[in-house]
Amino acid sequence: MTQQNIENVIIIGSGPAGLTSAIYTARANLAPLMIEGEESGGQLMMTTEVENFPGFPKGVTGPELIQTIREQAERFGTRFLTKNVTKVDFSTRPFKVWVDKELYLSKSIIISTGASAKYLGIESERIYMNRGVSACATCDGAFFRNVDVAVVGGGDTAMEEAMFLTRFAKKVSIIHRRDSFRASKIMTDRVLNHSKIEVLWNREVIEVVGNSKNMTGLVLKNVVTGGLENLSAEGLFLAIGHKPNTDLFKGVLDTNEVGYLITKPHSSYTNIEGVFAAGDVQDHVYRQAITAAGSGCMAAIDCERWLESLG
Ligand code: NDP
């Protein structure tokens, strides 16, 4: 029987956190293996313009930014596997990572699986998924030319999606469950001053309605009066936050009450020695590409020093 190869480090997830840890571990001669997922690149792949990533004074698109960081990681010897991890076992070392039936062994692990968009959880939302309902204006906005669409949420994502949709749609209605936004002032002002955007405060989406093909409207509930109303809309864009991608690690690693991985203060250490976490999978506060990249750098340095300490 041949001896199975043991990697120095396997990085799971390929957003800015994972790719930055790949650059650092590759430059430290650890020859990282990145299991990047079938939909690689993370949330930036669904972002149009990134205006706040240092080094790009004219802005950069999310996919371009990811491609640039990926090339940098590849240049120093990162190997990429474009598959999804299906199971892990971190109970003994070397750690075990499965991609279907294929088993990979590694001395250390960096987890950077990020977070995913949340859904409302109503049945009709699933019925009209991709038939009007979307969680990504950047991906699907162009299908909604000269029609009315709605966005749910009151954070920066909702503002960003609504602004983006004004490029295509006739009217954009933002549906928010309270009477003020949690979005930044600058984004809020842009939205409130836009002639194509209306805000429906204190409303919840109760139902998505439509015909056998596509959605045609929404039933909204006014949370103050309790009254129901109909809104005509051919698109519904969900922008109500995110869920950490930690299903693989349930019962394996410590998480907080909503599922984010817990890292020790000022470090990327999880509760299992040799397993590190970086980016949105462990950060529900900052959630920026640049903070994710920064924490990917921290994880790589923590990992490298930990491996070094093993001798
Ligand atoms: P947030 O968590 O900031 O906002 C989610 C919004 O959705 C809130 O307004 C919330 O309402 C509402 N919401 C949540 N659940 C439901 C539900 N079940 N039904 C109806 N409404 C719901 O998420 P975002 O994705 O907007 O932003 C995440 C982070 O990313 C933030 O820190 C943000 O600043 C940042 N960001 C920055 C951008 C930029 O700088 N360009 C762009 C996009 C995001 P309520 O307010 O009542 O809780």
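The coordinates are above.
Because the structure is predicted, anything quoted here is derived from the model rather than measured. (Residues numbered from 1 in each chain as written. Predicted model: local features only at pLDDT ≥ 70, side-chain atom pairs only at ≥ 80, totals over all residues. Heavy atoms only, no water.)

Asks: Help me understand the packing of helix α1 (residues 16-27) against helix α2 (residues 62-75) in this model?
Replies: Packed helices, taken two at a time, are described by the angle their axes make and the gap between the axes. For the pair α1 and α2, the least separation of the axes is 8 Å and the interaxial angle reads 20°. Between α1 and α2, the interaxial angle falls into the category roughly parallel. Pair α1 / α2 crosses with left-handed handedness. Residue-level contacts link Pro16, Leu19, Thr20, Ala22, Ile23 and Ala26 of α1 to Ile66, Ile69, Arg70, Gln72 and Ala73 of α2. (Axes fitted to C-alpha atoms, helices over the stretch in contact; angles between N-to-C directions. Helix = DSSP H or I, 4+ residues; strand = E, 2+ residues; numbered from the N terminus. Parallel < 35°, antiparallel > 145°, perpendicular 65-115°, else oblique. Left-handed = near helix turned anticlockwise from the far one by under 90°. Contact = heavy atoms within 4.5 Å.)

Asks: What am I meant to see in a negative patch on the surface here?
Replies: There is a patch of like negative charges on the surface, built from Glu49, Glu51, Glu64, Asp156 and Glu160. Structurally, the position occupied by Glu64 is in helix α2. A relative accessible area of 45% means that Glu64 is categorised as partly exposed. (Patch = residues over 30% accessible without salt bridge, like charges linked within 9 Å, V, L, I, M, F, W, Y side chains within 5 Å. Areas by Shrake-Rupley, 256 points an atom, 1.4 Å probe, with all protein chains shown as cover. Salt bridge = Lys/Arg side-chain N within 4 Å of Asp/Glu carboxyl O. Lys, Arg positive; Asp, Glu negative; His and termini not counted. Charge placed at Lys NZ, Arg CZ, Asp CG, Glu CD. Buried < 20%, exposed > 50% of the residue type's maximum accessible area, 1.4 Å probe, protein only.)

Asks: Looking at this model, I keep getting lost on a positive patch on the surface. Mind explaining?
Replies: Together, Lys118, Arg177, Arg178, Arg182 and Arg287 make up a positively charged patch on the protein surface. When its relative accessible area of 66% is taken as the criterion, Arg182 is described as exposed.

Asks: Explanation requested: unusual backbone geometry in the structure shown.
Replies: Residue Pro94 is bonded to the preceding Arg93 through a cis peptide linkage, with omega at 0°. By the element assignment, Pro94 lies in the loop between β6 (87-89) and β7 (95-99). One non-glycine residue, Asn202, lies in positive phi territory at about 55°. On the secondary structure map, Asn202 appears in the loop between β13 (197-200) and β14 (203-210).

Asks: Any chance you could explain the sheet that holds β13 here in plain terms?
Replies: Paired through backbone hydrogen bonds, the strands of a sheet run either parallel or antiparallel to each other. Taken together, five strands build an open sheet; the order of strands is β10-β17-β11-β12-β13 and the sheet is parallel. Looking at which strands have only one partner, the edges of the open sheet turn out to be β10 (133-134) and β13. Here strand β12 (residues 171-175) pairs with β13 via four bridges, running parallel. Counterpart to Ile174 in the pairing with β13 is Val199. Here helix α5 (residues 156-165) sits on the sheet in contact with β11 (148-152), β12, β13 and β17 (235-238), set at roughly 170° to β11. (Pairing = 2+ DSSP bridges.)

Asks: Just to check I follow, could you spell out the nonpolar core for this structure?
Replies: One broad trend across soluble globular proteins is that nonpolar side chains are buried collectively. Residues Leu65 and Ile110 are the most contacted members of the largest nonpolar core, which totals 27 residues. If you list the elements that add at least two residues to this core, you get β1 (6-12), α1, α2 and α7 (289-310). In this view, Leu65 contacts Leu44, Val50, Phe53, Phe56 and Val60; residues no more than four positions away in its chain are not counted. Core analysis: the next-biggest nonpolar cluster, separate from the first, contains 22 residues, Phe144, Val151, Phe168 and Ala239 among them. (Core = buried A, V, L, I, M, F, W, Y, C linked by side-chain atoms within 4.5 Å.)

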